[in-house]
Amino acid sequence: MPMVLFAAPALWDDYTEALPRALAEAGVAATIVTQAPDPAAVDYIVYAPSAPLQDFAPFTRAKAVLSLWAGVERIVGNASLTQPLCRMVDPWLTEGMVEWVVGHALRHHLGMDRHIVNPGHVWDQTCPPLARDRPVAMLGLGTLGLACARALQALHFPVTGWSRSPKDVPGLTCLQGEAGLEQALRGAQIVVTLLPRTPQTENLLNARTLALLPQGAAILNPGRGALIDDAALLAALDRGHIGHATLDTFRVEPLPPDHPFWAHPRVIVTPHIAADTRPASAARVIAENIRRGEAGEPFLHLVDRARGY
Ligand SMILES: NC(=O)c1ccc[n+]([C@@H]2O[C@H](COP(=O)([O-])OP(=O)(O)OC[C@H]3O[C@@H](n4cnc5c(N)ncnc54)[C@H](OP(=O)(O)O)[C@@H]3O)[C@@H](O)[C@H]2O)c1
């Protein structure tokens with residue numbers, strides 16, 4: 001019977017029932033432990049970046065490390081990790097991200113703030129354009145970017161996507177490379193960043209690339225804080241070139257109390273809540289990968305270490 005080490009003690013309460021149930025549904029008989037008496041006896045490690053476990057070398061028999069997080073930048077460079085690493089692709093996390101992106105995109109698109117915060121009771125009948133006249137750039141067309149792009153398309157937003165490798169998605173303009181990024185940004189009134197943090201994506205939105213956006217564009221960053229050069233964004237907001245930024249992820253989390261993003265009138269901070277891993281659905285993803293490992297089938301959602309995501 002395989003031994004599963006649940007190595008994220010702070011999350012165990014959420015998975016106490018969900019993980020055994022999901023394993024049973026997957027037809028897998030396994031022993032789940034929260035502390036391994038002998039690391040060499042562990043077959044699978046369920047992991048989160050907050051876990052105290054950082055040295056994977058003693059887990060000589062482990063067939064896979066199964067992350068509960070979608071983003072893997074805090075583990076992908078761990079030199080002691082030689083086992084296959086699977087990231088979390090949780091359908092309910094994806095649903096959450098779609099809701100957050102669509103909700104905040106609509107807020108900017110409809111100019112909701114003018115009516116929610118209207119202390120002067122101004123009767124301003126300026127009507128927003130239709131979504132079909134509000135182009136969106138989706139930076140990242142992976143699990144989350146693509147789901148959000150489709151949801152925005154369903155509301156008739158014209159979406160241009162940008163990714164590392166070429167994509168062919170019906171109804172979506174898909175671009176790559178430096179020239180593709182420039183084209184996507186030049187035409188976008190709303191930019192959504194759903195890229196992983198890698199050396200290639202760090203500071204992707206900087207003084208030069210932010211300047212490509214049309215005056216007044218809005219930025220939604222549920223991806224990773226390091227995708228944006230904070231100082232360049234603040235300068236662009238202060239000039240009014242960027243109209244608004246809704247930021248869910250930051251270089252330092254929690255965002256320090258004295259960080260200028262908190263008080264900036266054109267910034268909304270959401271505290272990394274755009275899309276949480278949901279234990280009931282995530283446990284099924286973990287269980288399916290353990291089933292695959294036991295059946296000798298390829299794991300789902302394997303991370304490419306060289307690519308960094
Ligand atoms: N705020 C939250 O609550 C929250 C929750 C979950 C995840 N996230 C963040 O969202 C990110 C995306 O998640 P996901 O599941 O959609 O990841 P994913 O499926 O791995 O997709 C990543 C996308 O980024 C593209 N990409 C990567 N490097 C690139 C580069 N150098 N240039 C252009 N495109 C590049 C990929 O291109 P290819 O398609 O060509 O590979 C892919 O389209 C995660 O890494 C994490 O940082 C945030």
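Everything here concerns the structure above.
None of these values were measured; they are calculated from a predicted model.

**Q** Whenever I open this one, the pattern of salt bridges confuses me. Can you help?
**A** It is possible for side chains bearing opposite charge to pair when their charged atoms get close. Under the counting rule described, the total for this entry stands at 15 salt bridges. Across the pair Arg208 and Glu182 runs a salt bridge, and its minimum N-O distance is 3.2 Å. Taken together, the positions of Arg208 in helix H7 (residues 207–210) and Glu182 in helix H6 (residues 177–186) put the pair 26 residues apart, joining distant regions of the chain. Judged by relative accessible area, Glu182 falls into the partly exposed class, the value being 25%. Where Asp304 meets Arg307, a salt bridge forms, and the shortest distance between an N and an O atom there is 4.0 Å. Residue classification places Arg307 among the partly exposed residues on the basis of a relative accessible area of 32%. A network of salt bridges, in which partner residues are shared, links Glu178, Glu182, Arg186 and Arg208.

**Q** Would you mind going over helix H2 (residues 18–25) with me for this structure?
**A** One turn of the α-helix equals 3.6 residues, which is why residues spaced by three or four share an orientation. What H2 keeps buried is the set Ala18, Leu19, Ala22 and Leu23. Seen end-on, H2 carries its buried residues on one side only, within an arc spanning 130 degrees. Exposed and oriented more than 90 degrees from the buried face of H2 are Ala24 and Glu25. Against strand S1 (3–6), helix H1 (12–15), strand S2 (31–33) and helix H10 (279–295) lie the buried residues of H2. One or two steps after H2, the chain reaches Gly27, where phi turns positive at roughly 75 degrees.

**Q** Which parts of the structure should I look at to understand the site of the ligand?
**A** Around the ligand sit 30 residues in total, of which Arg87, Ser165, Lys167, Pro222 and Tyr309 are the nearest. The side chain of Arg87 places a nitrogen or oxygen atom 2.8 Å from an oxygen atom of the ligand. Arg224 is positioned such that a nitrogen or oxygen atom in its side chain is 3.3 Å from an oxygen atom of the ligand. Within the complex, 92% of the 930 Å² of free accessible area of the ligand lies under protein.

**Q** What should I look at first to understand the sheet that holds strand S4 (residues 64–67) in this one?
**A** Each strand in a sheet pairs with another by means of backbone hydrogen bonds, the pair being arranged parallel or else antiparallel. Strand order in the open sheet made by the five strands is S2-S1-S3-S4-S5, with parallel pairing throughout. Lying at the two open borders of the sheet, with one neighbouring strand each, are S2 and strand S5 (85–86).

**Q** What exactly am I supposed to notice about a nonpolar patch on the surface here?
**A** A cluster of nonpolar side chains, namely Leu110, Met112, Ile116 and Val117, defines an oily patch on the protein surface of about 370 Å² accessible area. Structurally, Leu110 can be placed in helix H3 (residues 91–110). When its relative accessible area of 34% is taken as the criterion, Leu110 is described as partly exposed.

**Q** Any chance you could explain the side chain of His244 here in plain terms?
**A** Its place among the elements puts His244 in strand S11 (residues 242–247). There is a polar contact of 3.5 Å between the side chain of His244 and the backbone oxygen of Arg266.

**Q** Before we go on, may I ask you to explain the sheet that holds strand S12 (residues 267–269) in this structure?
**A** The seven strands lie next to each other as S8-S7-S6-S9-S10-S11-S12, forming an open sheet whose pairing is parallel. Looking at strand neighbours, the two that pair on one side only are strand S8 (173–175) and S12, the edges of this open sheet. Looking at each pair of strands side by side, their axes are set apart by 15 degrees on average, direction ignored. Note that strand S6 (residues 136–139) and strand S7 (residues 159–162) share four bridges and pair parallel. Of the residues in S7, the one forming a bridge with Leu139 is Trp162. Across the face of the sheet, helix H5 (residues 143–154) comes into contact with S6 and S7 while running at roughly 165 degrees to S6. Most of the contacts of H6 go to S7, to which it runs at about 155 degrees, and overall it touches S6, S7, S8 and strand S9 (190–193).

**Q** I'm lost on the packing of aromatic side chains in this one. Help?
**A** To describe a pair of aromatic rings, you give the distance between the ring centres and the angle between the ring planes. Applying the stated criterion across every chain yields a total of four aromatic pairs. Arranged with centres 6.2 Å apart and planes meeting at 55 degrees, the rings of Phe250 and Phe261 form a pair that is tilted. One end of the pair, Phe250, is in the loop between S11 and helix H9 (260–263); the other, Phe261, is in helix H9, with eleven residues separating them in the sequence. With relative accessibility at 10%, the residue Phe250 sits in the buried group. One aromatic cluster is present, built from ring pairs that chain together Phe6, Trp12 and Tyr15. For the cation-ring pair, Arg284 lies above Trp92, with the distance from its terminal atom to the ring centre recorded as 5.3 Å. The side chain of Arg307 reaches across the aromatic face of Tyr309, ending 4.1 Å from its centre.

The rules behind each value
Residues numbered from 1 in each chain as written. Predicted model: local features only at pLDDT ≥ 70, side-chain atom pairs only at ≥ 80, totals over all residues. Heavy atoms only, no water. Salt bridge = Lys/Arg side-chain N within 4 Å of Asp/Glu carboxyl O. Helix = DSSP H or I, 4+ residues; strand = E, 2+ residues; numbered from the N terminus. Buried < 20%, exposed > 50% of the residue type's maximum accessible area, 1.4 Å probe, protein only. Arc of directions from axis to C-beta. Contact = heavy atoms within 4.5 Å. Near = heavy atom within 4 Å. Polar contact = N/O pair within 3.5 Å; in protein donor to acceptor, adjacent residues only side chain to side chain. Areas by Shrake-Rupley, 256 points an atom, 1.4 Å probe, with all protein chains shown as cover. Pairing = 2+ DSSP bridges. Patch = residues over 30% accessible without salt bridge, like charges linked within 9 Å, V, L, I, M, F, W, Y side chains within 5 Å. Axes fitted to C-alpha atoms, helices over the stretch in contact; angles between N-to-C directions. Phe/Tyr/Trp six-rings, centres within 6.5 Å; stacked < 30°, edge-to-face > 60°. Lys NZ or Arg CZ within 6 Å of the ring centre and 35° of its normal.

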